[in-house]
Amino acid sequence: MRPVRAGSSDAGMAVTGHLLPEPVRLAAERAAQAGFTMSCDPDTGKLLAVLAAAVPPNGRVLELGTGTGAGTAWITHGLQGREDVDVVTVEIDAATAAVAARYPWPSWVTLLIGDAVEVTRRSGSFDLIFADAQGGKWEGLDTTIAALRPGGHLLVDDMTPREFMDARHERKTSQRCGCSSRRT
Ligand SMILES: C[S@@+](CC[C@H](N)C(=O)[O-])C[C@H]1O[C@@H](n2cnc3c(N)ncnc32)[C@H](O)[C@@H]1O
């Protein structure tokens, strides 16, 4: 039997048509206050939560690019009721990491400041990796894949043509997914 975390509160609140768990809503609030516009969207977050919930006993989860903590919040939402999983998230920008660190994350969540590829190289292996930063996705994808455990899942965000895409994002996305990113 897995240990149950007492007192976890995930009362939802509707924002822009989505019922958001409270930690995710608070992450969105921090992002808005900080002018951070790159948080994962709720559909990605829900998939992330489901994949986190499916991590095997004593599993490990890695997020590349913490931002202000929306993805981390979805991961912890998926893991509610469990104490056996370690979550590591890394952000290269110290100011952005400080915004994410304002939330009282559970003790099994580790927030790091650093480069995603370097941290991945020295952090062992993972059952779930959410690659949501240039490092580990555009550069060093081989390092990210090498850190996946057998049967593990790699979720890579922002790999489809989007309105906010700049020329570099378009080029890198096309290279990685081998598709044309021409808008239709
Ligand atoms: C798309 S946002 C992450 C959003 C976050 N995962 C979420 O779900 O809300 C990308 C983040 O990656 C950070 N970043 C960019 N390059 C990085 C690198 N090499 N290592 C770690 N973080 C990086 C950026 O500063 C930015 O905060």
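Residues numbered from 1 in each chain as written. Predicted model: local features only at pLDDT ≥ 70, side-chain atom pairs only at ≥ 80, totals over all residues.

**Structural notes on the overall build of the chain**
Step number 1: Helices and strands together make up the secondary structure of the chain, namely 7 helices and 7 strands.
Step number 2: Along the chain direction, N to C, the helices and strands of the chain fall in the order β-β-α-α-β-α-β-α-β-α-β-α-β-α.
Step number 3: Sequence separation of 24 or more characterises 63% of the internal contacts of the chain that already satisfy a separation of 6 or more. (Helix = DSSP H or I, 4+ residues; strand = E, 2+ residues; numbered from the N terminus. Contact = placed C-beta atoms within 7 Å.)

**Looking at the pairing of strand β7 (residues 148-156)**
Step number 1: Judged from the 5 bridges that link them, strand β6 (residues 126-131) and β7 form a sheet pairing that is parallel. Residue pairing across strands places Ile129 opposite Leu154, the latter belonging to β7.
Step number 2: Running through helix α6 (residues 141-146), the crossover from β6 to the neighbouring parallel element β7 is right-handed. (Pairing = 2+ DSSP bridges. Right-handed = clockwise from strand over helix to strand, strands pointing away.)

**Looking at the confidence of the model for the chain**
Step number 1: Looking at the chain, pLDDT values average 86 and 83% of them are 70 or higher.
Step number 2: With pLDDT under 50 throughout, residues 1-15 is counted as low confidence; its partners more than four residues away or in other chains account for 28 contacts. (pLDDT = per-residue confidence, 0-100.)

**Overview of the site of the ligand**
Step number 1: Near the ligand you find 20 residues, and of these Gly65, Gly67, Gly71, Ala133 and Gly135 are the closest.
Step number 2: Breaking the shell around the ligand down by element, the ones donating at least two residues are β3 (60-64), α3 (70-78) and β4 (86-91).
Step number 3: For the shell around the ligand, the class distribution of residues is 8 nonpolar, 7 polar and 5 charged. (Near = placed C-beta within 6 Å. Nonpolar A, V, L, I, M, F, W, Y, C, P; charged D, E, K, R; others polar.)

**So, the environment of Leu47**
Step number 1: Here Leu47 shows up in helix α2 (residues 42-53).
Step number 2: Residues Leu47 and Ile75 lie 28 residues apart in sequence; the distance between their C-alpha atoms is 9.4 Å.

**Details of helix α1 (residues 22-34)**
Step number 1: In this model α1 runs 18 Å from its N-terminal to its C-terminal C-alpha over 13 residues, within 8% of the 18 Å that 1.5 Å per residue would give.
Step number 2: Every buried residue of α1 is accounted for by Pro23, Val24, Ala27, Ala28, Arg30 and Ala31. Viewed along the axis of α1, the buried residues span an arc of 160°, placing them on a single side of the element. Projecting away from the buried face of α1 at angles above 90 degrees are the exposed residues Glu29, Ala32 and Gln33.
Step number 3: Downstream of α1 by one or two residues, Gly35 has phi in the positive range, about 70°. (Expected span 1.5 Å × (residues − 1). Buried ≥ 20, exposed ≤ 12 C-beta atoms within 10 Å, placed from the backbone. Arc of directions from axis to C-beta.)

**Re the nonpolar core**
Step number 1: Ranked by internal contacts, the top residues of the largest apolar core, which has 38 residues, are Ala52, Val61, Ala70, Ile75 and Leu128.
Step number 2: Broken down by secondary-structure element, the contributors of at least two residues to this core are α1, α2, β3, α3, β4, α4 (94-100), α5 (116-121) and β6.
Step number 3: Broken down by element, the residue count for this core peaks at 5 residues, all from β6.
Step number 4: Each residue touching Leu128, except ones within four places of it in the same chain, is listed here: Leu51, Ala52, Val55, Val61, Gly152 and His153. (Core = buried A, V, L, I, M, F, W, Y, C linked by C-beta atoms within 7 Å.)

**A word on unusual backbone geometry**
Step number 1: A positive phi angle, close to 60°, is found at Asn58, a residue other than glycine.
Step number 2: Here Asn58 lies in the loop between α2 and β3.

**Examining the pairing of β4**
Two faces belong to every sheet, and in a regular strand the side chains alternate between them.
Step number 1: When you tally the buried positions in β4, you get 5 out of 6 residues, the bulk of the element.
Step number 2: Sheet topology note: the β3/β4 ladder contains 5 bridges and is parallel. Bridged to Leu62 within β4 is Val88.
Step number 3: Sheet analysis places β4 next to strand β5 (residues 109-113), joined by 5 bridges and oriented parallel. Directly across from Val88, in β5, lies its bridge partner Thr110.
Step number 4: You can see the chain leave β4, run along α4 and come back into β5, and the turn it takes is right-handed.

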